[in-house]
Each structure stands twice: as C-alpha cells, then as structure tokens.
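Coordinate analysis (summary)
These are the residues of each chain, in order.
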Amino acid sequence: MAQHTPTARICRACDGFAAVATGTRLPDGSRATLRVTCPTCKGTGRSVPTALVRAGR
C-alpha cells in the first residue's frame with residue numbers, strides 16, 4: 001500500500017521563504033546584509049492551524 005505523508009502547512013504570507021537577506025554593496029566591494037524574517041510566521045516558514053489560533057483566544 002502507498003504511504004501518504006501529511007502536507008506541511010506553508011505560511012501564506014511568505015510562501016515558505018521565511019527569511020531573506022537583503023543589503024547594499026559597500027565601496028570596498030563587500031556586501032552589508034540585513035536578515036528580514038516574515039512577521040506572520042516569525043521566521044519558521046510554517047503556519048499554525050486555525051483551530052489552534054482560535055483556541056488560544
């Protein structure tokens with residue numbers, strides 16, 4: 001029989017890409033980077049099921 005794996009709940013806001021590095025190039029050629037995380041999933045890339053969010057209120 002085929003085994004089915006449960007689907008991961010991917011964050012709708014960041015589509016699973018929870019952290020990105022952005023920045024500008026400095027005059028010496030190096031890059032100053034700033035890490036930005038998704039405010040919705042707080043950098044995890046996964047969303048919390050709606051039932052758990054409602055239960056906490």
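Predicted model only: the values in this text are computed from it and were never measured.

Structural notes on unusual backbone geometry
With phi around 60 degrees, Asp-15 is a residue other than glycine that occupies positive phi space. Tracing the backbone through its elements, the reader meets Asp-15 in the segment before β1 (19-25). For Lys-42, which is not glycine, the phi torsion reads 60 degrees and is therefore positive. Counting through the fold element by element, Lys-42 comes out in the loop between β2 (31-37) and α1 (50-55). With a relative accessible area of 68%, Lys-42 lands in the exposed category.

Some words on the pairing of β2
Where β1 and β2 come together, 7 bridges link them in antiparallel fashion. Directly across from Thr-24, in β2, lies its bridge partner Ala-32. Hairpin connection from β1 to β2: 5 residues lie between these consecutive antiparallel strands, with Gly-29 at a positive phi of about 100 degrees.

A look at the environment of Ala-21
Following the sequence through the fold, Ala-21 ends up in strand β1. Taking the relative accessible area as the measure of exposure, Ala-21 reaches 64% and is therefore exposed. Taking the C-alpha atoms as reference points, Ala-21 and Thr-37, 16 residues apart in sequence, are found 9.0 Å from one another.

Section: the confidence of the model for the protein chain
Per-residue confidence for the protein chain gives a mean pLDDT of 78, with 70% of residues at or over 70. When mean pLDDT is compared element by element in the protein chain, β2 scores highest at 88, while α1 scores lowest at 53.

Calculation rules
- Residues numbered from 1 in each chain as written.
- Predicted model: local features only at pLDDT ≥ 70, side-chain atom pairs only at ≥ 80, totals over all residues.
- Heavy atoms only, no water.
- Helix = DSSP H or I, 4+ residues; strand = E, 2+ residues; numbered from the N terminus.
- Buried < 20%, exposed > 50% of the residue type's maximum accessible area, 1.4 Å probe, protein only.
- Pairing = 2+ DSSP bridges.
- pLDDT = per-residue confidence, 0-100.

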